[in-house]
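# Structural overview
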Amino acid sequence: MKVLYLDCSMGAAGDMLMAALSELIPDRGTLKEKINSLKIPGVTAKIRDDEKCGINGTHIDIFVNGEEENTEDHHVECHHKHHYEHDLEHEDHHEHGHHEHHHTKLSDIEEIINGLDISESVKKNATEVYRIIAEAEGHAHGCDVGAVHFHEVGTMDAVADVVGVCMLIDEIKPDAIKASPVSLGTGYVKCAHGILPVPAPATAYIVRDISTNSGDEEGELCTPTGAALIKHFVTEYLPCPEMKIIKIGIGTGTKDFKKPNCLKAVLGEM
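Residues numbered from 1 in each chain as written. Predicted model: local features only at pLDDT ≥ 70, side-chain atom pairs only at ≥ 80, totals over all residues. Heavy atoms only, no water.

### Concerning the overall build of the chain
The helix and strand inventory of the chain stands at 7 helices and 17 strands. Out of the 270 residues in the chain, the part that is buried amounts to 56%. For the chain, restricting intrachain contacts to residue pairs at least 6 apart in sequence, the fraction spanning at least 24 positions comes to 73%. In the form shown here, the chain has an accessible surface area of approximately 11300 Å², with 49% of it arising from carbon and sulfur atoms. (Helix = DSSP H or I, 4+ residues; strand = E, 2+ residues; numbered from the N terminus. Buried < 20%, exposed > 50% of the residue type's maximum accessible area, 1.4 Å probe, protein only. Contact = heavy atoms within 4.5 Å. Areas by Shrake-Rupley, 256 points an atom, 1.4 Å probe, with all protein chains shown as cover.)

Right, dumping it as structure tokens:
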């Protein structure tokens, strides 16, 4: 049985997971071509070698209309409720320049995904992952899924991460996907709306019934997109099982911590 094991001891984010999985396919460069050829509105991808605390891995940068969105920051608001902007996705919370925002509903995102040149199974997985995110945001903001509106730039970044991960898993075709407990981080995170406890409300809602721990790093380790992808694909949480290792992939995050900010994907035979 071919098993994919994800070591989430430093959390999980969409870009880190995609980068780790890209090292498990024969030519990781083909992922860049695939993402760019999808023509997700405004999206281009760049794949580069990276290093965290002496550990070599892969980092994936997603650009939306030429702008790098390392925070994957879907700002979110609910229709008919007060305006609430929240840096949904972690890694590096920083000030952005002013640019025009368009709002995107879940139905718009599903329409974009269903219009991409990808297999039906990838479309199904990607839309189900995004629905997990939207449901969590709706719960966090006190509104229905249909009333959740994402800001367009951060949304396209996250769509690229979600679709990229779903495409890679479809290509790797593991018989089972298992993971370590997911580290969430500790302390507080600064976002556009103020200071939020870690895990942020949307992440906390997504991980409510999966195996987690706080880890020992201060800051946000797990993002809503990372949590949603793990929740959708992983069937069991445990230490790395006994297996014959075929290949190991390392995906790096943006932020630096005392420990290497990496997500490890292990492909093996049980």
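### A look at the packing of aromatic side chains
For the coordinates displayed, the defined rule picks out 1 aromatic pair. Taken together, a centroid distance of 5.7 Å and an interplanar angle of 85 degrees make the contact between Tyr-130 and Phe-150 edge-to-face. With Tyr-130 in helix H4 (residues 120-141) and Phe-150 in strand E7 (residues 148-151), the pair connects residues that are 20 residues apart, well separated along the chain. Looking at Tyr-130, the relative accessible area reads 0%, which means it is buried. It is Arg-208 that lies over the ring of Tyr-205; its NZ or CZ is 4.0 Å from the centre. (Phe/Tyr/Trp six-rings, centres within 6.5 Å; stacked < 30°, edge-to-face > 60°. Lys NZ or Arg CZ within 6 Å of the ring centre and 35° of its normal.)

### Here's the deal with the pattern of salt bridges
Under the definition given, this model contains 12 salt bridges. For Asp-216, the salt bridge is made with Lys-259, and the minimal N-O distance between the two is 3.0 Å. Here Lys-259 lies in the loop between strand E16 (244-252) and strand E17 (262-269) and Asp-216 lies in the loop between strand E13 (212-213) and strand E14 (219-220), a separation of 43 residues in the sequence. Classification of Lys-259 as partly exposed rests on a relative accessible area of 38%. The network of salt bridges with shared partners includes Arg-48, Asp-50 and Asp-61. (Salt bridge = Lys/Arg side-chain N within 4 Å of Asp/Glu carboxyl O.)

### Describing the nonpolar core
By size, the foremost hydrophobic cluster in this structure holds 71 residues, and its most contacted members are Leu-6, Leu-21, Tyr-130, Val-163 and Ile-230. With 12 residues, the top contributor of residues to this core is helix H5 (residues 152-172). Leu-21 has contacts with Leu-4, Leu-6, Val-165, Leu-168, Ile-169, Ile-172 and Ala-265, leaving out every residue within four places of it along the chain. Of all hydrophobic cores here, the second largest spans 6 residues; its members include Val-3, Ala-176, Met-243 and Val-266. (Core = buried A, V, L, I, M, F, W, Y, C linked by side-chain atoms within 4.5 Å.)

### A few points about the side chain of His-141
Looking at the secondary structure, you find His-141 in helix H4. Within the local environment of His-141, its side chain forms a polar contact with the side chain of Glu-137, the two groups lying 2.8 Å apart. (Polar contact = N/O pair within 3.5 Å; in protein donor to acceptor, adjacent residues only side chain to side chain.)

### Section: the packing of helix H3 (residues 106-114) against H4
It is the contact of H3 with H4, at a shortest axis distance of 10 Å, that shows an interaxial angle of 165 degrees. Comparing their axes, H4 and H3 come out roughly antiparallel. The two elements H3 and H4 meet at a crossing, and its hand is right-handed. Contact with H3, carried on its side by Leu-106, Ile-109, Glu-110, Ile-113 and Asn-114, involves Lys-123, Ala-126, Thr-127, Tyr-130, Arg-131 and Ala-134 of H4 and no other residues of that element. For the contact of H3 with H4, the per-class residue count stands at 6 nonpolar, 2 polar and 3 charged. (Axes fitted to C-alpha atoms, helices over the stretch in contact; angles between N-to-C directions. Parallel < 35°, antiparallel > 145°, perpendicular 65-115°, else oblique. Left-handed = near helix turned anticlockwise from the far one by under 90°. Nonpolar A, V, L, I, M, F, W, Y, C, P; charged D, E, K, R; others polar.)

### What about the environment of Thr-212?
Within the secondary structure, Thr-212 is located in strand E13. In the structure, Thr-212 is positioned 25 residues away from Tyr-237 in sequence and 9.0 Å away in space, judged by C-alpha atoms. Setting aside residues up to four positions removed in sequence, Thr-212 forms contacts with Pro-181, Val-182, Leu-184 and Val-207.

### Description of the confidence of the model for the chain
Considering every residue of the chain, the mean pLDDT works out to 87; 85% of them sit at 70 or more. A low-confidence stretch, residues 70-74 (pLDDT under 50), is modelled with 34 contacts involving residues beyond four sequence positions or located in other chains. For the stretch residues 80-101, pLDDT sits under 50, and the model shows 75 contacts to residues farther than four places along the chain or on other chains. (pLDDT = per-residue confidence, 0-100.)

### Regarding H3
Quick reminder: α-helices carry 3.6 residues per turn. Residues three or four places apart thus point the same way. Regarding H3, the residues found buried are Leu-106, Ile-109 and Ile-113. The buried residues of H3 occupy one face: seen down the axis, they fall within an arc of 60 degrees. (Arc of directions from axis to C-beta.)

### Re the side chain of Lys-178
For Lys-178, the position within the fold is in strand E8 (residues 176-179). We classify Lys-178 as buried; its relative accessible area is 10%. Here Glu-236 takes part through its side chain, which lies 2.6 Å from a polar atom of the side chain of Lys-178. The contacts of Lys-178, once residues within four sequence positions are left out, are Val-3, Leu-4, Tyr-5, Leu-6, Val-234, Glu-236, Leu-238, Pro-241 and Met-270.

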